[in-house]
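# Report on the structure
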Amino acid sequence: MTTPPYPEDLEQPPYPQGLEQPAYPDDLEQPGLVRTGRSTFVRPIRPEDADRLVAFVGGLSRATLAYRSLGPVIRARDDVIRRGAYVDYLNELALVALAGDEIAGLVRYVRDTEDPDHAEVTFTIRDDDQSEGFGRLLLEHIAAAARARGIRVLEADVLADNTRMINVFLGSGYRVESGPPGQIVHFDIAVDPQAQAVARAERREHTAVRRSLRPLLEPRSVAVIGANRRPLTIGHEIVANLLRGGFRGSVFPVNPRAEQVAGTRAYPSVGELPEPPDLALIAVRAEAVPEVVRECAAAGVKAVVVVSTGFGETGAAGRSTELELSRFARASGMRLVGPNCMGVVNTTPAARLAATFSPALPTPGRVAMSSQSGPLGLAVLDFARRLRLGFSGFVSVGHAVDVSTNDLLQWWEEDPETSVILLHVETFGNPRRFARIARRVAPRKPIIAVHPGHGHATGQVDSGGRGGSGCQGEPGGLGDPRGRGDWGGRGDSAGHADPPGPSDSAVSSLFAQSGVIRTRSLQELFDAALLLAHQPPPPGNRVAVITNAGGPAALTVGACVASGLRVPPLGRRTRETLRTALGPGAEVANPVDLTPMATAAHYRQALDAVLADDGIDAAIVLFMPPLADKPDEVAAAILDAAEAAPSKPVLASFLGGAGIADLLHRGELVVPTYAFPESAAASLGHAAAYQAWRSTPAGVVPDLPGVDTDRARSLLAGCAPGPVPPRIAAELLHSYGIAVRDAEPGSGPGSELGHELGSELGSRLSSGPDAFLSVGADPVFGPVVAFGLTGDYADLMADVAHRVTPLSDRDAREMVRSLRAAPLLDGRVGGPGVDLAALEETVLRISAMVEDLPEIEAMELRPIRLLPPGDGVAVTRATIRLADETRKGGPS
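Within every chain, residues take consecutive numbers counted from 1 along the sequence as written. Thresholds applied to this predicted model are a pLDDT of at least 70 for local features of residues and 80 or more for the giving and counting of side-chain atom pairs; totals over whole chains, interfaces and linings are not thresholded and use all residues. Hydrogens and water are ignored here; the side-chain numbers use all heavy atoms of the structure.

### Quick look at the pattern of salt bridges
Throughout this description, the term salt bridge denotes a Lys or Arg side-chain nitrogen within 4 Å of a carboxyl oxygen of Asp or Glu. By the definition in use, this model includes 52 salt bridges. The shortest N-O distance in the salt bridge between Glu-92 and Arg-108 comes to 3.0 Å. Linking Glu-92 in strand 3 (residues 92–99) with Arg-108 in strand 4 (residues 102–111), this pair joins segments that are 16 residues apart in sequence. The cut-offs for exposure are 20% and 50% of the maximum accessible area for each residue type, with area from a 1.4 Å probe on protein chains only; residues under the lower value are buried, those over the upper are exposed, and the others partly exposed. Residue class for Glu-92 comes out buried when judged on its relative accessible area of 12%. Exposure remark for Arg-108: the relative accessible area of 1% places this residue in the buried category. Across the pair Arg-436 and Glu-205 runs a salt bridge whose closest N-O atoms are separated by 3.7 Å. With Arg-436 in helix 12 (residues 431–441) and Glu-205 in helix 6 (residues 195–217), this pair connects stretches of sequence that are 231 residues apart. Note on Glu-205: relative accessible area 18%, which makes it buried. Helix and strand assignments come from DSSP, with helices taken as H or I runs of at least 4 residues and strands as E runs of at least 2, each series counted from the N terminus.

### Quick word on the sheet that holds strand 26 (residues 650–654)
Hydrogen bonding along the main chain pairs the strands of a sheet, whether they run parallel or antiparallel. For two strands to be treated as a pair, DSSP must find at least two bridges joining them. Read across the sheet, four strands follow the order 24-23-25-26 without closing on themselves; strand pairing throughout is parallel. This sheet does not close on itself; its edge strands, each paired only once, are strand 24 (592–593) and strand 26. Alignment of strand 25 (residues 618–623) against strand 26, held across five bridges, turns out to be parallel. Considered in strand 26, the bridge of Leu-622 is made with Ser-653. Residue contacts are counted whenever heavy atoms from the two residues lie within 4.5 Å of one another. Between the N-to-C directions of two axes lies an angle of 0 to 180 degrees, each axis being a line fitted to C-alpha atoms and, for a helix, fitted only over the stretch in contact. In this fold helix 17 (residues 600–611) packs onto strand 23 (543–547), strand 24, strand 25 and strand 26, with an angle of close to 160 degrees to the strand it touches most, strand 25.

### Some points on helix 8 (residues 289–299)
Inspection of helix 8 places Val-289, Pro-290, Val-292, Val-293, Cys-296 and Ala-299 among the buried residues, and these make up the whole buried set. Among the residues trailing helix 8, Gly-300 stands out with phi positive, at a value near 90 degrees.

### Some details on the sheet that holds strand 10 (residues 250–254)
If you walk across this open sheet you meet the five strands as 10-9-13-14-15, and the pairing is parallel. Two strands bound the open sheet, and with one partner strand each, they are strand 10 and strand 15 (335–337). Between one strand axis and the next, the sheet turns by 15 degrees as a mean value, whatever way the strands run. Of the pairings in the sheet, the one linking strand 9 (residues 221–225) to strand 10 comprises five bridges and is parallel in character. By the bridge assignment for strand 10, Val-222 is matched with Val-251. In the packing of helix 8 onto the sheet, contacts are made with strand 9, strand 13 (279–282) and strand 14 (303–306), and the angle to strand 13 comes to roughly 170 degrees.

See the structure below:
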């Protein structure tokens, strides 16, 4: 290596006069969690860190300095150490992990001037923190930063007895090559994200997140700062709910002007508590919150919930304050919920935590929920209690500046008391992380989200009015059902508008791909939760309907069909059993009409028969109480039949019956009941679709030949945010194995396309259908790929398929074949069809490109000439747009 890690030439000042100080890469500021669950904040080093750096190096032991200097302990001069705080963020980069206001860990790379895709990397961790996992966390961060700056390999020299650092490299999942054994071991670490590295990083993150949330969700002691003596105030009700809910630990009200709150001794400040509380709830004025959070950090609090309002919802200044709160909390080792939230509930036996001011507390149960709205949370808890739907946990994340739904999913993933997860979804700071976690959790536990859909934004995106490249056509306008937008290079464009969201049908398909059950209302959310919390998902979509009234049965059949269910004829043996049991007056088709004279025994016999039918996967039971008496006996019969067939769900609708839900509970056995049969059918449709997704092979994300990621990154390094010049766009796609060739005669360097394909094939270019592929950034899902045929298919029929990246081979196959116009592609209609294998491979290459290059905000390939089987596809035009840093998703 030609440049030492700590430059020693002090003849030149760090930033000589006349040279601009390098731009600070604030996109590298990220909260982090080490293996033990402790919070930290990772960011690039800054010149003002010079004193911190001196203090950090001065506090290192001789043993640590020996490992750092590879042998003799050399105490550097202060001025040399200070020089390490001045980097250019490109050829030299240092990241620090903060513990409070101090540096706990430092990683630095210096690019090799003779081999610029290599860099030397060094790690230094404070002695007291060397067993917590800072090394692995910093390796993940520096590898990502190096990769984005065109560095392929990080080189490190490590003393042979430095087993901690050696294990960090060997256990990272990156491709690691080490030199021959000796006193010093040399490592070459390839920073491309291998599947193994991603999997290990996810496991480390999962473990760290769960440990960091334990003080929040299973605290041993709780402080309420802003506890009020007056009932029906927020601070007072939080204390009262903690006591009323049976919290097993210590409760410390904090109020300097009160001796007691809710009958419990109060303390003047958090610093005067008899022990550092695990959790502190803050219910004070917004302007006082920052100082209270600092006091909590000084007192050793591990998690804080900021109930107070007056932050991001008030404007830019409030948003800046809440982000600074988050940074400070993470750097101080604390997790933070809120602000503007209603608290945290955990009814599990290990916690019994009701840290909320809600007047309605949930009963214990199997459902957990994350809500982004405080007022909505109040309504949710009240409604769930009236439904007798029990909760294992409820967290109101508010503005979610730190703890997010993504974190809570990882907690509930392994919570044995939680079997169903509910989400109130608006946006996610990190959509890719949400999709990754949801796909991992959903096969084991249903995730049900309420999401009414996106509004359709309007406006144009400036492309040519700012000295841009002149690219024409907006890539990936997801709000347009045709997959097109309006990035047309208009000179009168007013500015940069957010891309519109996907259509409602697109949102549903995107949730379904991730295994998330999408609902459009709170009522629908709770209807589905009521079923999945108490009954198994059906093995298929075949439903039997049992009724004592014909009219409601007809409504139920229609609702079943509309929900993707089938109401098939019953098997011959089932019909014979029903005739024998019910007599000649009963209708034994499907629906099974027991007549208004049906008794509880008739219901039991009918349910036993249909649940034993191999052609039936679930049963919906209708009962009209005015037509028959003794509803309690009918309810008992339904419970008996459901208990005897535990693998098939049973749902009930006692039309017009009040208090019936109580009759359909027997210990752990619950048959969900609905006021109207349409709700039962819709809930069962959600459950059947979920089970079908869970039972379907997921496919694999293939390794694609001919991909040159390094070339693509070097091309992007020279591009500014906004439209990419057409030539660069074509080269980017070529680096991912996609050739862009202009098929219009004489229009450019690709005009010889017809000659390349052969004269016979060239003459057939216009005979097949044209297609488009676009990519756009959705605020919930992240990068979304849209595919469709051009012309009337997309423009008039809205025949467009959507999928979230990364796409598996199965995703690509289903996406291409899901169009209503698919018969044109596979040859069933209008000719020999097209080269589906080549088309699917192109879809996969676009997915890989967007995953590898997150700078790409939008892209469109239009038109794509779809050629006959065996002849491939011809991409004739491509446009790409790069995101501004301010438009990228956050780390939550």
